[in-house]
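Listed below, chain by chain, are the residues.
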Amino acid sequence: MKALIDRADLIELLGRYADIADLKEFTKLPGLVFTDPLTLDFESVAGIPPTTMPLGDYLEILRTAFAPYAATHHAITGHVIDIDGDSATIHAHVRAEHWLPAEPAGGGPGRWLVVGFYDNEAVRTADGWRLNRVKLTATYQENAQPQARGAREAAAGGE
């Protein structure tokens, strides 16, 4: 029974993770999702090697990275979870769409699509499961916009 509860909690954790960007909720949710510090690996999208940083620094990067977008939608599905005591790995599919308002899009495509996989690690804390490592492997991108490039690079994986 405990394994089923842990699995449900870990799936919900990834739902909260997606909500950070999609709801632009950078105050309460990050503390419910991440450890401090955390390791981020978004090299496949941003070209920046894996980096460990304090949560506060990452939140500033997220705010900057997602500010240009009118809306985003991160669908995370197909969770494959392996729990070993107080640590877990979570492999999941992701389809992330990002829409720019007309003006920043500059007449170009207003949507940036990223499709791929997350291979994340979580640890059980006194307050529940938290992600301590997030890795995105993009297998396909569409309409990667120069206007949004700075935001993507700043995010170092704000997926």
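Preceding block: the structure.
Worth saying up front: this structure is predicted, and the values here are computed from it rather than measured.

**A word on helix 4 (residues 55–66)**
For an α-helix the count is 3.6 residues per turn, leaving residues at separations of three or four pointing the same way.
So, step 1. The terminal C-alpha atoms of helix 4, which comprises 12 residues, lie 16 Å apart, in line with the 16 Å expected from a rise of 1.5 Å per residue.
So, step 2. Within helix 4 the residues assigned to the buried category are Leu-55, Tyr-58, Leu-59, Leu-62, Ala-65 and Phe-66. Buried residues along helix 4 cover an arc of 130 degrees about the axis, so they all sit on one side.

**Let's talk about the pairing of strand 3 (residues 71–84)**
So, step 1. Bridge count for strand 3 against strand 4 (residues 87–99) is 12 bridges, and the pairing is antiparallel. Looking across to strand 4, one finds that Ile-81 is bridged to Ile-90.
So, step 2. Linking two consecutive strands that pair antiparallel, namely strand 3 and strand 4, is a turn of 2 residues; a positive phi of about 65 degrees is found at Gly-85 within it.

**Things to note about the sheet that holds strand 2 (residues 51–53)**
So, step 1. Ordered in space as 2-1-6-5-4-3, the 6 strands form an open sheet in which the pairing is mixed. Edge strands, defined here as strands with exactly one partner in the open sheet, are strand 2 and strand 3. If you compare each strand with its neighbour and ignore which way they point, the axes differ by 20 degrees on average.
So, step 2. The pairing of strand 1 (residues 34–41) with strand 2 spans 3 bridges and is antiparallel. Directly across from Leu-40, in strand 2, lies its bridge partner Thr-51.
So, step 3. Contacting strand 1, strand 2, strand 3 and strand 4, helix 4 crosses the sheet at an angle of about 55 degrees to strand 1.

**Some details on the nonpolar core**
So, step 1. If you look at the biggest cluster of nonpolar residues, it comprises 40 residues, and the most contacted ones within it are Tyr-17, Phe-34 and Leu-131.
So, step 2. At the level of secondary structure, the elements contributing two or more residues to this core comprise helix 1 (2–22), helix 2 (29–33), strand 1, helix 4, strand 3, strand 4, strand 5 (111–125) and strand 6 (128–142).
So, step 3. Here the element with the most residues in this core is helix 1; it accounts for 7 residues.

**Section: the packing of aromatic side chains**
So, step 1. Throughout the structure, instances matching the rule amount to 5 aromatic pairs.
So, step 2. Summarising the aromatic geometry, the rings of Tyr-17 and Phe-34 are spaced 5.9 Å apart at their centres and angled 85 degrees between planes, so their arrangement reads as edge-to-face. Within this pair, whereas Tyr-17 is found in helix 1, its partner Phe-34 is found in strand 1, the two being separated by 17 residues in sequence.
So, step 3. Arranged with centres 5.6 Å apart and planes meeting at 85 degrees, the rings of Phe-34 and Tyr-58 form a pair that is edge-to-face. Within this pair, whereas Phe-34 is found in strand 1, its partner Tyr-58 is found in helix 4, the two being separated by 24 residues in sequence.
So, step 4. Residue Phe-34 is classed as buried on the basis of its relative accessible area of 4%.

**Quick notes on the environment of Asp-57**
So, step 1. Mapped onto the secondary structure, Asp-57 falls in helix 4.
So, step 2. Classification of Asp-57 as partly exposed rests on a relative accessible area of 44%.
So, step 3. Sequence-wise, Asp-57 and Pro-37 are 20 residues apart; in three dimensions their C-alpha atoms are separated by 9.3 Å.

**Topic: the pattern of salt bridges**
So, step 1. Across all of its chains, the model carries 8 salt bridges by this definition.
So, step 2. Across the salt bridge formed by Arg-16 and Glu-12, the nearest N and O atoms sit 2.7 Å from each other. Within this pair, Arg-16 and its partner Glu-12 are both found in helix 1, separated by 4 residues, close to a single helical turn.
So, step 3. On the basis of relative accessible area, Glu-12 is assigned to the partly exposed category, the value being 42%.
So, step 4. In this structure, Arg-111 engages Glu-142 in a salt bridge whose closest nitrogen and oxygen atoms are separated by 2.3 Å.

**Here we look at the pairing of strand 1**
So, step 1. Here strand 1 lies mainly inside the structure; 6 of its 8 residues are buried.
So, step 2. Bridge analysis of strand 1 against strand 6 gives 4 bridges, and the strand direction is parallel. What sits directly across from Leu-40, in strand 6, is Val-134.

Calculation notes
- Residues numbered from 1 in each chain as written.
- Predicted model: local features only at pLDDT ≥ 70, side-chain atom pairs only at ≥ 80, totals over all residues.
- Heavy atoms only, no water.
- Helix = DSSP H or I, 4+ residues; strand = E, 2+ residues; numbered from the N terminus.
- Expected span 1.5 Å × (residues − 1).
- Buried < 20%, exposed > 50% of the residue type's maximum accessible area, 1.4 Å probe, protein only.
- Arc of directions from axis to C-beta.
- Pairing = 2+ DSSP bridges.
- Axes fitted to C-alpha atoms, helices over the stretch in contact; angles between N-to-C directions.
- Contact = heavy atoms within 4.5 Å.
- Core = buried A, V, L, I, M, F, W, Y, C linked by side-chain atoms within 4.5 Å.
- Phe/Tyr/Trp six-rings, centres within 6.5 Å; stacked < 30°, edge-to-face > 60°.
- Salt bridge = Lys/Arg side-chain N within 4 Å of Asp/Glu carboxyl O.

Function cannot be inferred from these measures alone, as they are strictly geometric.
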